[in-house]
Amino acid sequence: MEVFYREWERHAPGEARDVGRARALADALGLLAPGVPVLTVVGSKGKGTAATYASAFLSAAGLRVCTVTSPGLRSDRDRIRVDGRAVSADELASLADVLDEAAAALPPPSGGYLSPSGLFTIAGVLHARRAGADVLVLEAGMGGRSDEVALFPPDVVAITPVFREHAGVLGDTAAEIAEEKLGVAGPRTRVLSAPQSAEVARVLGGVEFVRPGGGLPPDLLPAGLGRAAAELGTAAARRLPGVSEPPAGALRDVLSSIVLPGRLSWHGVPGSATRLLVDSAVDRTGIAAALAAAREAWGTVDHAVVCLPDHKDLDGAIAELGALPVTFVRLPLPHLRFTRALPPRWDVVEAGAVTPESLATLGHRVVVLGTVYFTGLVLDAVDADTECLYVTSASRRPSGGGASGRP
């Protein structure tokens, strides 16, 4: 799988991803016109939930759906799915071989690099063609106009809540970041958005805003802040050209089977009585919602394990976590920085210290919060089932230790 990370790992400081070379790679593989409808999800938070619900809706409508998300939940196989199920190791290796051969024929890198998320997007589009997919659902890695998803013109774009993150990369304000994300849409693209701040809504202008409560019965929606993203995803799926409304029974069966590991998901720690609530919350609002869910279920929280790089809302996390015992985890990823001052009472550990044994020492009721790279690490540590995110007649989730809906 070296091809997905080779140029990123070798790039020099200051170099940016080279979308032009990514375009050349996709063109060499004959992928710039995917040949099927494309639904693209952009935004700051909730993209994975929106993409999953859009994909499940389309599967319930009888379509074969290839979904590409970023990053994976536990492994790179999770990034590419057909009808909710992750590709196999052999399928991913085959895709990597094709990309490796095609990339070798390109001019060498010059001041930029092929990004991992972009290469997985291209691999997903290739897999969609191989698998005979009827529709593509693409989640942007970061941004919109500047992301490799923009190589594949979308029929529909879904914009999840946008806030000020990656400042200085996508823009300096929430409005500038929203404009960059909206730039993924073409002149004929239908654009839908979750509710936004007034600043962002002004930038989005006349797009279709999806208001809460209008699309699905509440029992088919996830708890917490993911509800708006789920409603957005299903509304966007409905707008794709040629999509028929699924039979009510089929829609209920598929949507009620959805699991969202790392989004207010409950897990046991193997070999112990410890339960985890894992949520990829990165701002004060999300952290408050996760803590509220934990306290509603458990009555109290024994410990919080947190990972927030410098560009996330660390101040908001500190305010919400208050006097809770906290372990802060730093990840060894070169694109994430951990330089901000932490409360002196917090323990600080490296990623390698996150094991089932260490989690079990923190109490029986532990909340895990932070970036998706970190929640994926915890999901892997507890061997969470991320193989299949929903069930259709073509996608059967095997029994085993998965995300549990019970605290």
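Heads up: the structure comes first, above all this text.
A short tour of the structure in this document, coming up.

Remarks on the sheet that holds strand E15 (residues 347-350)
In sheet architecture, strand pairing relies on hydrogen bonds along the backbone and comes in two forms, parallel and antiparallel.
Working step 1: Read from one edge of the open sheet, six strands run E11-E12-E16-E13-E14-E15, paired in mixed fashion. Each edge of the open sheet is held by one strand with a lone partner, namely strand E11 (265-268) and E15. Between one strand axis and the next, the sheet turns through 25 degrees on average, direction left out of account.
Working step 2: One ladder, built from five bridges, connects strand E12 (residues 275-279) with strand E16 (residues 365-370); its direction is parallel. Opposite Val278, over in E16, you have Val368 as the bridge partner.
Working step 3: Packing of helix H13 (residues 372-381) onto the sheet brings it into contact with E11, E12, strand E13 (303-307), strand E14 (326-330) and E16, and relative to E16 it is tilted by some 145 degrees.

Topic: the nonpolar core
Working step 1: Judged by nonpolar contacts, the single largest core of 48 residues is most densely connected at Phe4, Leu25, Leu99, Ile122, Leu138 and Phe152.
Working step 2: The residues contacting Ile122, other than those within four sequence positions of it, are Ala22, Leu25, Ala26, Leu29, Leu31, Leu99 and Phe152.
Working step 3: Judged by nonpolar contacts, the second largest core, of 43 residues, contains Val278, Cys307, Phe338 and Val368.

So, the packing of helix H4 (residues 89-104) against helix H5 (residues 116-131)
Working step 1: The contact between H4 and H5 brings their axes to 10 Å, and the two run at 110 degrees. Classified by the angle their axes make, H4 and H5 are roughly perpendicular. Viewed along their axes, H4 and H5 form a crossing whose handedness is right-handed. Contacts between H4 and H5 pair Glu91, Leu92, Ser94, Leu95, Val98 and Leu99 from the former with Leu119, Phe120, Ile122, Ala123, Leu126, His127 and Arg130 from the latter.
Working step 2: In the contact of H4 with H5, the residues fall into nine nonpolar, two polar and two charged.

Reading guide: rules and limits
Residues numbered from 1 in each chain as written. Predicted model: local features only at pLDDT ≥ 70, side-chain atom pairs only at ≥ 80, totals over all residues. Heavy atoms only, no water. Pairing = 2+ DSSP bridges. Helix = DSSP H or I, 4+ residues; strand = E, 2+ residues; numbered from the N terminus. Axes fitted to C-alpha atoms, helices over the stretch in contact; angles between N-to-C directions. Contact = heavy atoms within 4.5 Å. Core = buried A, V, L, I, M, F, W, Y, C linked by side-chain atoms within 4.5 Å. Buried < 20%, exposed > 50% of the residue type's maximum accessible area, 1.4 Å probe, protein only. Parallel < 35°, antiparallel > 145°, perpendicular 65-115°, else oblique. Left-handed = near helix turned anticlockwise from the far one by under 90°. Nonpolar A, V, L, I, M, F, W, Y, C, P; charged D, E, K, R; others polar.

Taken by themselves, the reported measurements are silent on function.
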